[in-house]
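Tertiary structure, described
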Amino acid sequence: MDAIAFANSLRAFMPRAKDLAEYGLDADEIEEIQSAFDAKPRNSGGPVSTEVERLVTAFDCSAVAIGIVRFDSGVVPTQGGVRFGFCEADPLVVDHERKIWMLHHDSPEVAPMACAESSEQFLDALLFAAEAIVNRVKWKGRGLEIVHQCSERAGSATCRDFFRSVVGGL
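This report concerns the structure included in the present document. Everything numeric in this text was worked out from a predicted model, so none of it was measured.

This brings us to the layout of surface pockets. Leftover empty space is mapped by rolling, across the atoms, a probe with the size of a water molecule. Considering only enclosed or pocket space, the largest pocket measures out at about 250 Å³ in volume. As for the largest pocket, its lining consists of 14 residues, of which Gln 79, Gly 80, Leu 103, His 104 and Pro 108 are closest to the centre. Per-class residue counts for the lining of the largest pocket are seven nonpolar, five polar and two charged. Empty space within the second largest pocket amounts to approximately 190 Å³. Taken together, Leu 10, Ala 36, Phe 37, Ala 65, Ile 66, Gly 67, Ala 130, Ile 133, Val 134 and Arg 136 form the lining of the second largest pocket. Listed by contribution, the elements that provide at least two residues to the lining of the second largest pocket are β3 (65-66) and α5 (119-134). If you tally residues by element for the lining of the second largest pocket, the top one is α5, at three residues. Of the residues contributing to the lining of the second largest pocket, the split by class is eight nonpolar, one polar and one charged.

Set out below in structure tokens:
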């Protein structure tokens, strides 16, 4: 999945303001919830080599959150690759082979966790996870199935631990 398709698809999961208001939420709370589904286009975007880098440079994804995954306000060169987001406090990076990894936030000696074989596969798997989280009633009790489908979309069974943490208790 490319960055533009991901950003556009994510908006499809945004809850309607009317529905959120029926839960008694005020305008600020509604805006905060909806911003988690809104990757706003930017006027600028520098040269990038992967779709996940394109996503965070061509769109403001700093308010987007999918489970415990959130995107950075841009790309940051770091040891092991380019950071584009976080899973809780742990950096998410795309390496020089274009694979996606989660690094341990304060222990670089800890082996990184596989997230996806490519940025396109990462975005595809993450969008599927978003759909499952938003439609949790439909997926209740089928968390292992979600993890399996996410890891298949991510391109490797080694990504299961990462997606198990993303979809958590579903």
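Read on, since the account is not over.
Another point: the environment of Asp 90. Locating Asp 90 in the fold gives a position in strand β6 (residues 90-94). Measuring from C-alpha to C-alpha, the distance between Asp 90 and His 104 comes to 5.3 Å, with 14 residues separating the pair along the chain. Excluding anything up to four places from it in sequence, Asp 90 contacts Gly 85, Met 102, Leu 103, His 104 and His 105.

Let us now look at the packing of aromatic side chains. Across all of its chains, the model carries six aromatic pairs by this definition. Taken together, a centroid distance of 6.4 Å and an interplanar angle of 35° make the contact between Phe 71 and Phe 84 tilted. Of this pair, Phe 71 sits in strand β4 (residues 69-78) while Phe 84 sits in strand β5 (residues 81-87), placing them 13 residues apart in sequence. Both residues of the pair, Phe 71 and Phe 84, belong to the buried class. Their ring planes at 85° and their centres at 4.9 Å tell us that Phe 162 and Phe 163 sit as a pair that is edge-to-face. Look at Phe 162 and you get buried, because its relative accessible area is 0%. Its relative accessible area of 0% is what places Phe 163 among the buried residues. Clustering of aromatic rings is evident, with ring pairs tying together Phe 6, Phe 71, Phe 84, Phe 122, Phe 162 and Phe 163.

Rules and cut-offs
Residues numbered from 1 in each chain as written. Predicted model: local features only at pLDDT ≥ 70, side-chain atom pairs only at ≥ 80, totals over all residues. Heavy atoms only, no water. 1 Å grid on protein atoms, 1.4 Å probe; cavity = no way out; pocket = protein on both sides within 12 Å on 5 of 7 lines; lining within 4 Å. Points joined across faces, edges and corners; volume = space filled by probe spheres on them. Nonpolar A, V, L, I, M, F, W, Y, C, P; charged D, E, K, R; others polar. Helix = DSSP H or I, 4+ residues; strand = E, 2+ residues; numbered from the N terminus. Contact = heavy atoms within 4.5 Å. Phe/Tyr/Trp six-rings, centres within 6.5 Å; stacked < 30°, edge-to-face > 60°. Buried < 20%, exposed > 50% of the residue type's maximum accessible area, 1.4 Å probe, protein only.

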